[in-house]
Each structure stands twice: as structure tokens, then as C-alpha cells.
Amino acid sequence: MYEVDHFINGSFVPASCGTRLSRENPATGAPLRAIARGGAADVAKAADAAQRAFESWGCTPASERSRILLAIASGLDARLDELALLESEDTGKPLSLARSLDIPRAAANFRFFATAILHEASASFLTERPARALNYVLRKPLGTVGCISPWNLPLYLFTWKIAPALAAGNCVIAKPSELTPTTAAVLCDIARNAGLPAGVLNVVHGLGAEAGQAIVDCPSVRAVSFTGGTATGRRIAGRCGERLIPASLELGGKNAAIVCEDADLALAVPEIARSAFLNQGEICLCSSRILVHRTRMKEFTERFIAAARALTVGDPLAAESDLGCLISKAHREKVLAAIERGVSDGGVVATGGGIPRHLPARVAGGAFLEPTVLLGVPQSSACVQEETFGPVVTVHGFDRHRDAVTMANGTRYGLAASIWTRDLARAHRIAARLDVGTAWINCWMLRDLRVPFGGVRDSGIGREGGNEALRFFSDVSNVCVSLGEAL
Ligand code: NAD
């Protein structure tokens, strides 16, 4: 059992209330972590530490902040094996995925923002009337900011917020998900060893309604960056609205993959299968609705079902496992209920739909679920309309591209979509009409950290990535310098 403590003012400390949350390994059911149960008292201590640290961190030169953040990235690289194992244990995801995706991306997040701040430029305006002046835009850190992240890509998303916040010169009070807190704690150790001054990064663990809420309510927190469910995001947005502080919200998705009549299925089938089932379908960007031109429906579904059946669900620690287990049995119940709903609304399960048999003994009681494909579910079904966040897709036919666009836009979410066609002009026309933050053409989850990332409608407000994130974590002010009379 690993004890996970808060990290406040450069030290690991237990919760003020003296209690811990317990977490089981979702694959084996074995006791895994005892996590400090934070609340307002812990957040208040973190806020004091952050405010004190900001006096020097807020005016530390960008080159020095960059040097420390690059050292954190190297520290993450150096502890790749340890971090990947902890991430796999916490989430149930395949160890191979944590090693190849989650942890390398966490290091990349630090490297990206550490170097981005070395290339910042600010606008200036030469004013001629009513008098000569030079106006320039001054970018300043906000002070203390709050970062709250979910369980599906724990360190990946935690660092996606913390790296730009620190790079921009802020101090941070952060909370990872109570289900997956461990790699965030190791990150604190790495940051301390890398020379990040005490109080600059503070991590308070615990439940959303306690520690998370306390961060959002904390009077010295000047902005909140949140990734998680839409209902939570709405609550946080309401509170930030009352407090008149900015909130960046990355929320749920119900993403469509649109397969046109001329799609290259040799490319599209394996990539859409990856987009549906990677990380057990527990990625906000995963495709969960596949819209296929009616002329390719039979061929596509046969090949796609075969691709789903070929995936190995198994022990997250085994090299051959393509899918591990879901985050918890409670979450699996929700995913199973969505499948049942799809069936009761008229759909049929073409493959999957249940708990895999023949699991290795070590993980036989884990929260595993087969990759599942449903056909014939009506658009109105909650199974099609609501986020499932599991290895479940529905497949639907369309006749005209405009019908595909209407279906793709036909849920309350607007995070991402992919389009599969050999005709790039058509792909562009479709992409331009999709109400989403990201459209991929003949690819999926091909990420460039410079591009704006985020959703529309119930998928969120604001953009992360590149300069957008640095801007979110900064205040701008205008400085006007009189240039006096012309010569
Ligand atoms: P969640 O909303 O339950 O929790 C997210 C975080 O918020 C956790 O740390 C939680 O403790 C905290 N929290 C909960 N209630 C809170 C409150 N009242 N105040 C402050 N903090 C609170 O989400 P989850 O179940 O951890 O994650 C899954 C969701 O995240 C899915 O909906 C998924 O689509 C979404 N997600 C979105 C993106 C994106 O970039 N758009 C990325 C990953 C996950």
C-alpha cells in the first residue's frame, strides 16, 4: 500500500483532518493507495505557501523558469518505468500504453512550455494622435491558480495544465483525481529535486466536493483550469462566475468518425478501431459514434467488428494486452447500463457487450469489459446522445454528407470528430460545418502541442495548448509611454 500525501510548501504532509481515502487496484481488487483526504484547511495552507512563493517566482526570469521546467522533464524521463507502473496500477490501463503515451507526453508538456516562454513576443502600437506614444502589451502571471484534472490520462492531463501555469510564472494549487493521485505525487518529488522553489507547486489530494471545491472557492486563486465531466465543469463555471475569475473547462465528448464513400478502409478501419478502444475508450477524444456512407456500410462493419474482436483485453501488466480494465467496477456498471439502453432502444450488439471470460487468474475479478460495437441504435437513444467513456461504439449509416454532418452535430457535445475520405476538398467542406473544437482528416489524435485544443457547447469553454494556455494563465496590461513632440 502506497501512502499518497499532499505536497505543500515543498514538503509531503498528511491531511489536516488526519483521514485517508483508500483506493483499490481496479484490475486485481487489491488495496493499492491510502490518499490524504484534503479540504479547505489544506488548501488554505497551500494558498499561503503559494502567495509567499509568488513574490520571487513571479519575477524569476523566463530563462530560469525554463531551466527548472526542463529539469523536471528530464526527471520524468528518468523515472519513466516507475511512473508508468504507478499509472497502470491506478487506472487499469496497459502498462505499455502508460510507457509509450502517458508519461512521455507528461515530459513533453514540460519541455514544450519550458521552451515556449523563451520565444514570447508582445504586441506594440505606435500612436500618433492625439499625441505621440508607444503602447505596448505587458504580460504578467496571475499569482496563484487552481488546476483540477481527471483520472483517464492522469499525469498527461495534470501536467498539461501545470506546465503552462508554472511556465507563465504562476504558483499552483492542483488536485489530481482521487482515483489516480500517485503519479502527481511523484511529480512533486521530481519538481523539488529539479530545483522548483517551495510553495510554487502545491498538490492537495482528496474528493472533488471537498478538496476540489476548496480550490475553486479559495480567495487567492485567480483562475481555474479544469478537465473532467460536463456536470462538474458546469458547477465550477458557476462558482468561478460568481467570483469573477476565469475558468478554462475541458469537458466530455461524444465524438463522431465519418466514413465517406471513397474512404480507404485499409487505413480507416484500424485507425477508427484505435480511436474507439485506445485506453479502454476512456479518452475524451475517443470516437463513440461511427457514421458510415450507406454504400460502404456492410464492408466497413464486417471489417470493423473483426478489428474489435482481434483486440486482446487482459492483464494491464501483460505486453500482449491491447486493453486493460476500466477505472472501477462502478464505472463499468455505467458503461454496461449504456449498452443495455442502446439495446432496449432497438440496437443489437454486434460484438462484445459483456465481461471477458478467460482472464488470467491475477485479474479475474477486475473491471474489464469487452470492446463493444452496437448496430441499429436510434439517434434519440441516450446510448448515442450521452458520453459513455468506455470501449463502446455505435455505427450508423448515412446517404448524404449533409446528413452525416447533422448526425455528427446532433448531440450536446462538440469536442472532436474525424473524417475519412480520399477527397480532401470534401473533407474540408465537412470539417468546416462540424461544430467541434478539433476535426481530424484521415487520422486521429495526431496532436501538435502548438494548436488550440478544446471543445464547444457542452464540451467546454476556452482553449488549451500553445499560446492559448500561456495566455489563459497570464494577465495583460497596456503600458503607454509618451514619446513627446516630434523632432
Ligand atoms: P469528474 O468531473 O468527476 O472529476 C474531474 C476532477 O474534478 C477530479 O479531480 C474531481 O475530484 C474534481 N471534482 C469533482 N467535483 C468537483 C467540484 N465540485 N469542485 C471541484 N473539483 C471537483 O471527471 P472524471 O470522472 O474524473 O473524468 C472523466 C470526464 O473527464 C469525462 O467526462 C471526460 O470526457 C472528461 N475529460 C475531458 C477531457 C477534455 O480535454 N475535454 C479530457 C479528459 C477527460
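Scoring rules and cut-offs
- Residues numbered from 1 in each chain as written.
- Predicted model: local features only at pLDDT ≥ 70, side-chain atom pairs only at ≥ 80, totals over all residues.
- Heavy atoms only, no water.
- Domains from an automatic or database assignment.
- Buried area = accessible area lost by both parts, 1.4 Å probe.
- Salt bridge = Lys/Arg side-chain N within 4 Å of Asp/Glu carboxyl O.
- Polar contact = N/O pair within 3.5 Å; in protein donor to acceptor, adjacent residues only side chain to side chain.
- Near = heavy atom within 4 Å.
- Areas by Shrake-Rupley, 256 points an atom, 1.4 Å probe, with all protein chains shown as cover.
- 1 Å grid on protein atoms, 1.4 Å probe; cavity = no way out; pocket = protein on both sides within 12 Å on 5 of 7 lines; lining within 4 Å.
- Sits in = over half its atoms within 2 Å of the grid points.
- Pairing = 2+ DSSP bridges.
- Helix = DSSP H or I, 4+ residues; strand = E, 2+ residues; numbered from the N terminus.
- Axes fitted to C-alpha atoms, helices over the stretch in contact; angles between N-to-C directions.
- Expected span 1.5 Å × (residues − 1).
- Buried < 20%, exposed > 50% of the residue type's maximum accessible area, 1.4 Å probe, protein only.
- Contact = heavy atoms within 4.5 Å.

Caption draft 1: Just the domain arrangement of the protein, in detail. In terms of domain boundaries, the protein breaks down into domain 1 (2-251 + 455-478) and domain 2 (255-441). Interface area for domain 1 against domain 2, summed over the two sides, is near 2,300 Å², with a carbon-plus-sulfur share of 57%. Of all residues in domain 1, the largest losses of buried area upon contact with domain 2 belong to Ala-27, Trp-151 and Arg-457, amounting jointly to 25% of the total for that side. Here domain 1 and domain 2 share two salt bridges between them. Across the pair Arg-412 and Asp-458 runs a salt bridge, and its minimum N-O distance is 2.7 Å. At the surface where domain 1 touches domain 2, the tally comes to 15 residue pairs in polar contact (both at pLDDT 80 or more).

Caption draft 2: The arrangement of the site of the ligand in detail. Around the ligand, the structure places 28 residues, and the nearest of them are Lys-175, Glu-178, Thr-232, Leu-251 and Glu-387. For the ligand, an oxygen atom lies 2.5 Å from a polar atom in the side chain of Glu-387. Look at the ligand: alone it shows 850 Å² of surface, and the protein chains cover 89% of it. Of all the cavities here, the one that holds the ligand is the largest pocket.

Caption draft 3: Layout of the sheet that holds strand 1 (residues 2-4). Strands sit in the order 1-5-4 across an open sheet of three strands; the sheet is mixed. Looking at the sheet topology across the chains shown, the edges are occupied by strand 1 and strand 4 (20-24). Across the sheet, the mean angle from the axis of one strand to that of its neighbour is 25 degrees, orientation sign disregarded. Bridge count for strand 4 against strand 5 (residues 31-36) is five bridges, and the pairing is antiparallel. Note on strand 5: the bridge partner recorded for Ser-22 is Ala-34.

Caption draft 4: Helix 9 (residues 265-277), seen in detail. When the terminal C-alpha atoms of helix 9 are compared, their 17 Å separation across 13 residues agrees well with the 18 Å that a helix rising 1.5 Å per residue should span. What helix 9 keeps buried is the set Leu-265, Ala-268, Val-269, Ile-272, Ala-273, Ser-275, Ala-276 and Phe-277. Where the residues of helix 9 are buried, they touch strand 13 (255-259), strand 14 (287-293), helix 10 (297-309), strand 16 (372-375), strand 17 (392-398) and strand 18 (416-420). Two or three places before Ala-266, at the start of helix 9, stands the capping residue Asp-264, its side-chain oxygen 3.1 Å from that residue's backbone nitrogen.

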